[in-house]
Amino acid sequence: MKIVDAKVVVTSPGRNFVTLKLTTDEGLTGLGDATLNGRELAVVSYLTDHVAPLLIGLDPHRVEDTWQSLYRGAYWRRGPVTMAAIAAVDVALWDIKAKAAGLPLYQLLGGASRERIGTYGHANGRDVPELLDSVRARLAEGYPAVRIQSGIPGLKAVYGVTDTDDTGAAVLHQQARPLVEDWDTAAYLRHVPAVFEAVRAEFGAELPLLHDAHHRLTPIQAARLGKDLEPYRPFWLEDCTPAENQEALRLVRRSTTTPLAVGEVFNTVYDYQALITEQLIDYVRSAVTHFGGVTPLRKLFDFAAQYQIRSAIHGPEDISPVGMAAAVHLDLAVHNFGIQEYSGHSPLTDAVFRHAYTFTDGHLHPGEEPGIGVELDEELAAAHPYAAAYLPVNRLHDGTVHDW
Ligand SMILES: [Mg+2]
């Protein structure tokens, strides 16, 4: 079997997605997600100009060899653009291999290690009463765990608190320049323990509660927050510091028993080496889409398993259903699965990417279709062309740019 076509499809059914479609001489097709939020077209160029021509004529069964040749052969290794492009190729090859075998991908990864995949959903509120309503809504949808993010008194906009329209639906700011949000770390550190106290008072001790600090704290600030949250037993504190400085987590770890989750912006195992071998974290958060695909993420999870660290694949709405499907197959197969972030996609996105995975009673399952189980409707995709859109920028009250 040989690859005869490699095509990149960009579509924006409400937000931008980049998809690689490989076709073989036997008529099998494979899909891979290459979406890099806010930098989508850089990956399109990487794939179209530099990778697609190399794939023509290759045997799609050679997943490992193709991965290694794209990673090592480029000379310029790592980075989100490179690794999103390699991820798309890797997942598309796994899709073809599993279709050729007539099996859902998880069967090729060792088969199911569990019956279904536990998720957490996002609860957001501009203030605590609104957050409590949002938690209630997630629980009504069946989510077994909830990430809680609240507006901070004195701040206009806060990470994780999405604008909503009259119906309560999320409003996406699809625009050519980033929004500017404001930030005050001291106000945040004062407010978050009270948010946890209010949610625990309303929903009891058993509900797993997660919180994302979005890389905004120094190590000593993160240590303070971890200690302050201990009485409320969070499931985890996510991305408390900008963790490309792996040593920062040593101070946090020494100071608190609050579990730590890190890694959604990481691209390779090298970003995690000290974090894993020194057991500084409890969950690894990388996405199939941004970590070079199923092949290296499986290796990361196996490495993490030696240290009792568990998986928690990043699952925001800017991971396409193709990337989400690959994640769900991996979640079902790996022994050290922890939890899967899941928000779902809009009905229009689900129409562009028809998928076999299901979300029932707060749990995902990849389904039994051969491959990853996603079909791309190219006609519908073409009806929703790329529209420039960016994540916000974060500034302190004096105008200084802060981590977003
Ligand atoms: Mg996060």
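Residues numbered from 1 in each chain as written. Predicted model: local features only at pLDDT ≥ 70, side-chain atom pairs only at ≥ 80, totals over all residues. Heavy atoms only, no water.

> Describe empty space enclosed by the protein, listing the residues and the values that go with them.
Counted by the stated rule, this structure contains 2 cavities of 30 Å³ or more. What the second largest cavity holds in volume is close to 30 Å³. In terms of lining residues, the second largest cavity is bounded by Val 63, Thr 66, Trp 67, Leu 70, Ile 86, Val 89, Asp 90 and Leu 93. Every element with two or more residues in the lining of the second largest cavity is listed here: helix 2 (63-73) and helix 3 (80-101). Across the lining of the second largest cavity, the residue classes break down as 6 nonpolar, 1 polar and 1 charged. (1 Å grid on protein atoms, 1.4 Å probe; cavity = no way out; pocket = protein on both sides within 12 Å on 5 of 7 lines; lining within 4 Å. Points joined across faces, edges and corners; volume = space filled by probe spheres on them. Helix = DSSP H or I, 4+ residues; strand = E, 2+ residues; numbered from the N terminus. Nonpolar A, V, L, I, M, F, W, Y, C, P; charged D, E, K, R; others polar.)

> Before we move on, could you go through the packing of helix 6 (residues 185-203) against helix 7 (residues 219-229) and cite the residues and values that matter?
At a closest axis distance of 9 Å, the pairing of helix 6 and helix 7 adopts a crossing angle of 15°. For the element pair helix 6 / helix 7, the angle class is roughly parallel. Helix-helix and strand crossings are classified by hand; for helix 6 and helix 7 the assignment is right-handed. Contacts between helix 6 and helix 7 involve Thr 185, Tyr 188, Leu 189, Val 192, Pro 193 and Phe 196 on the former and, on the latter, Gln 221, Leu 225, Asp 228 and Leu 229. (Axes fitted to C-alpha atoms, helices over the stretch in contact; angles between N-to-C directions. Parallel < 35°, antiparallel > 145°, perpendicular 65-115°, else oblique. Left-handed = near helix turned anticlockwise from the far one by under 90°. Contact = heavy atoms within 4.5 Å.)

> Tell me about the environment of Thr 29, and name the residues and values.
Structurally, Thr 29 can be placed in strand 3 (residues 29-33). On the basis of relative accessible area, Thr 29 is assigned to the partly exposed category, the value being 24%. Spatially, the C-alpha atoms of Thr 29 and Leu 139 are 38 Å apart, while their sequence positions differ by 110 residues. Sequence-distant contacts of Thr 29, defined by excluding residues within four places in its chain, comprise Lys 21, Leu 22, Thr 23, Asp 95, Ile 96 and Lys 99. (Buried < 20%, exposed > 50% of the residue type's maximum accessible area, 1.4 Å probe, protein only.)

> Pulling in residues and values, what's your account of the pairing of strand 17 (residues 393-396)?
Across 4 bridges, strand 6 (residues 180-183) lies against strand 17 in parallel orientation. When the bridges of strand 17 are listed, Trp 183 appears paired with Leu 396. Here 2 bridges tie strand 17 to strand 18 (residues 401-402), and the two strands are oriented antiparallel to one another. What sits directly across from Asn 394, in strand 18, is His 402. (Pairing = 2+ DSSP bridges.)

> Outline unusual backbone geometry, listing residues and values.
Phi is positive for Tyr 75, which is not a glycine, with a value near 70°. Note that Tyr 75 resides in the loop between helix 2 and helix 3. In this structure Tyr 75 comes out as exposed when scored by relative accessible area, which is 64%. You will see that Arg 78, though not glycine, has its phi angle at about 70°, which is positive. Positionally, Arg 78 belongs in the loop between helix 2 and helix 3.

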